[in-house]
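# Understanding the architecture of this molecule
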Amino acid sequence: MLSFFKLIKIENLLFIILAQLCLRYGLLNSLDIDLLLSDLGILLLIIATFCIGAAGNIILETHAAASAIIPSKIREKTANTLFIILSTIGVLIGFYLSNIIGKPGFVTIFILTSAIYYIYATYLKEILVVKNITMAILVSVSILAIAIFDLVPTITPLNREAVSFIFSIVKDYAILAFLLTFVREIAKDCYSLDTDYNHGIKTIPIALGKSRTAKLIMALSLLISALLFYYTYTYLFANTKATLFVLLGLIAPLLIISFKSWTAETIKDFKLLSILIKIVMVIAAISFALYKTLIFQ
């Protein structure tokens, strides 16, 4: 069981679930808008995204052959079977939900997500940067899925402006999730450099070296900090609580990451950077749940 959890990268999937729950029962529930999905519908949507994500992680590990988990605990044939089973479950649930909300075309989200995992693992893993972008897109899509299924189908001429504004907030969070995931994947590549090199996986650290990659992480962390500061100054500056939350909870940790990136050299250093970025991601997810407190009270 422990090998299976490692194979599907359970900690990453739990983060996505946390973000989805905080979004639905924090941000969306705190606003005076109609939502389409029941609690059961939200549960099914979370299960669908979990299954698709788990299947994707399985196929990535299987085809990269970068983990000792597969040959020692889970055979490749079994891993491929699990990918098919979990992907099928995710797509079928997506098909059911899409028809329930009257948007059958929305099942394409699940089909394309599963296909992206498979195409990357089998054909694109040797192309530089594609892995980082792929993982970042999939995390951001998992967050957007809640708003797409629960919010978008409720749009009417009367509420279009309000719903569009709320969706733009979710989109901004999804962009932040994309950027943070992208940087974290680069940090993770630094401490799996030798394994990736042995299996022919082209990553940024292999192309640039650890030292230059560390400087890249620093630059990207500073860029995200600058974007967050601009966003806060433009939209939140009049709200002291929200401003302090972003400054202390998001920007300050990112500046620490930037500082530590400057001197990062060892596997331990890059693992620490990965953990710090994940902490920032968790804080960002929790801010969904605190939205009403931060903005309205």
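The paragraphs below set out a description of the structure included in this document. Bear in mind that the values here come from a model prediction, so they are computed numbers and not experimental data.

Attention now goes to the packing of helix H7 (residues 130–150) against helix H8 (residues 160–191). Where H7 contacts H8, the axes come no closer than 8 Å and their chain directions differ by 155°. Classified by the interaxial angle, the pair formed by H7 and H8 is roughly antiparallel. H8 is crossed by H7, and the crossing has right-handed handedness. Along its contact with H7, which presents Lys-131, Asn-132, Ile-133, Met-135, Ala-136, Ile-137, Val-139, Ser-140, Ile-143, Leu-144, Ala-147 and Ile-148, the element H8 presents Phe-167, Val-170, Lys-171, Ala-174, Ala-177, Phe-178, Thr-181, Phe-182, Glu-185, Ile-186 and Asp-189. By residue class, the composition of the contact of H7 with H8 is 16 nonpolar, 3 polar and 4 charged.

It is worth spelling out the nonpolar core at this point. Grouped together as the largest cluster of nonpolar side chains are 89 residues, with contacts concentrated most on Leu-23, Leu-27, Leu-28, Phe-149, Leu-180 and Leu-228. By residue number, the principal contributor to this core is H8, which donates 14 residues. The residues touching Leu-23, leaving out its near neighbours within four places in the chain, are Leu-28, Ile-143, Ile-146, Val-170 and Phe-288.

For the rest of this paragraph, the subject is the packing of aromatic side chains. A full pass over the atoms with the stated rule returns 7 aromatic pairs. Taking the centre distance of 6.4 Å and the plane angle of 10° together, the rings of Phe-178 and Phe-182 count as stacked. With Phe-178 and Phe-182 both in helix H8, this residue pair falls 4 residues apart, about one helical turn. Note on Phe-182: relative accessible area 15%, which makes it buried. An aromatic cluster is present here, built from Phe-106, Phe-110 and Phe-149 joined pairwise through their rings. For Lys-215, the ring lying beneath its charged end belongs to Trp-262, and the centroid distance is 5.0 Å.

Now for unusual backbone geometry. Here Lys-9, not a glycine, exhibits a phi torsion of approximately 55°, which is positive. Tracing the backbone shows Lys-9 in the loop between helix H1 (2–7) and helix H2 (10–27).

Along the chain, Asn-29 falls in the loop between H2 and helix H3 (39–64). Sequence separation between Asn-29 and Lys-292 is 263 residues, and the spatial gap between their C-alpha atoms is 9.1 Å. Once residues within four sequence positions are removed from consideration, Asn-29 is found in contact with Arg-24 and Leu-35. Separated by 2.9 Å, the side chains of Asn-29 and Arg-24 make a polar contact.

With that settled, consider the side chain of Gln-20. Checked against the element boundaries, Gln-20 lands in helix H2. A polar atom in the side chain of Gln-20 sits 3.1 Å from the side chain of Thr-49. Among residues more than four places away in sequence, those in contact with Gln-20 are Ile-46, Thr-49, Ser-142 and Ile-146.

Turning our attention to a nonpolar patch on the surface. Together, Leu-40, Leu-43 and Ile-47 give the surface a local cluster of nonpolar side chains, amounting to about 270 Å² of exposed area. Relative to the helices and strands, Ile-47 is located in helix H3.

Let us look at the pattern of salt bridges. Scanning the model with the defined rule gives 3 salt bridges in all. Of the charged contacts, one joins Arg-24 and Asp-150 as a salt bridge, the two residues approaching to 2.3 Å between their closest N and O atoms. Remark: Asp-150 occurs in helix H7 and Arg-24 occurs in helix H2; sequence separation between them is 126 residues. Of the two residues, Arg-24 and Asp-150, both sit in the buried class. Here Lys-188 ties to Glu-185 by a salt bridge, and the two come within 3.4 Å at their closest N and O atoms. Here Lys-188 and its partner Glu-185 are both found in helix H8, 3 residues apart, which amounts to about one turn of the helix. Take Glu-185: its relative accessible area is 5%, and that puts it in the buried class.

A complete count under the given rule lists 3 cavities of 30 Å³ or more for this structure. In this structure, the largest cavity encloses a volume near 300 Å³. Taken together, 23 residues line the largest cavity, and the ones lying closest to its centre are Ile-16, Tyr-117, Leu-138, Val-139 and Ser-142. Contributing elements (two or more residues each) for the lining of the largest cavity: H2, H3, helix H6 (107–124), H7, H8 and helix H13 (267–289). Per-element tally for the lining of the largest cavity: the top contributor is H7, with 6 residues. Tallied by class, residues from the lining of the largest cavity come to 13 nonpolar, 7 polar and 3 charged. Each pocket or cavity is described by its volume, and for the second largest cavity that value is around 80 Å³. As for the second largest cavity, its lining consists of Phe-15, Ala-19, Ile-143, Tyr-173, Leu-176, Ala-177, Leu-180, Met-281, Ala-284, Ala-285 and Phe-288. Mapped by element, the contributors of at least two residues to the lining of the second largest cavity are H2, H8 and H13.

What counts and how
Residues numbered from 1 in each chain as written. Predicted model: local features only at pLDDT ≥ 70, side-chain atom pairs only at ≥ 80, totals over all residues. Heavy atoms only, no water. Axes fitted to C-alpha atoms, helices over the stretch in contact; angles between N-to-C directions. Helix = DSSP H or I, 4+ residues; strand = E, 2+ residues; numbered from the N terminus. Parallel < 35°, antiparallel > 145°, perpendicular 65-115°, else oblique. Left-handed = near helix turned anticlockwise from the far one by under 90°. Contact = heavy atoms within 4.5 Å. Nonpolar A, V, L, I, M, F, W, Y, C, P; charged D, E, K, R; others polar. Core = buried A, V, L, I, M, F, W, Y, C linked by side-chain atoms within 4.5 Å. Buried < 20%, exposed > 50% of the residue type's maximum accessible area, 1.4 Å probe, protein only. Phe/Tyr/Trp six-rings, centres within 6.5 Å; stacked < 30°, edge-to-face > 60°. Lys NZ or Arg CZ within 6 Å of the ring centre and 35° of its normal. Polar contact = N/O pair within 3.5 Å; in protein donor to acceptor, adjacent residues only side chain to side chain. Patch = residues over 30% accessible without salt bridge, like charges linked within 9 Å, V, L, I, M, F, W, Y side chains within 5 Å. Areas by Shrake-Rupley, 256 points an atom, 1.4 Å probe, with all protein chains shown as cover. Salt bridge = Lys/Arg side-chain N within 4 Å of Asp/Glu carboxyl O. 1 Å grid on protein atoms, 1.4 Å probe; cavity = no way out; pocket = protein on both sides within 12 Å on 5 of 7 lines; lining within 4 Å. Points joined across faces, edges and corners; volume = space filled by probe spheres on them.

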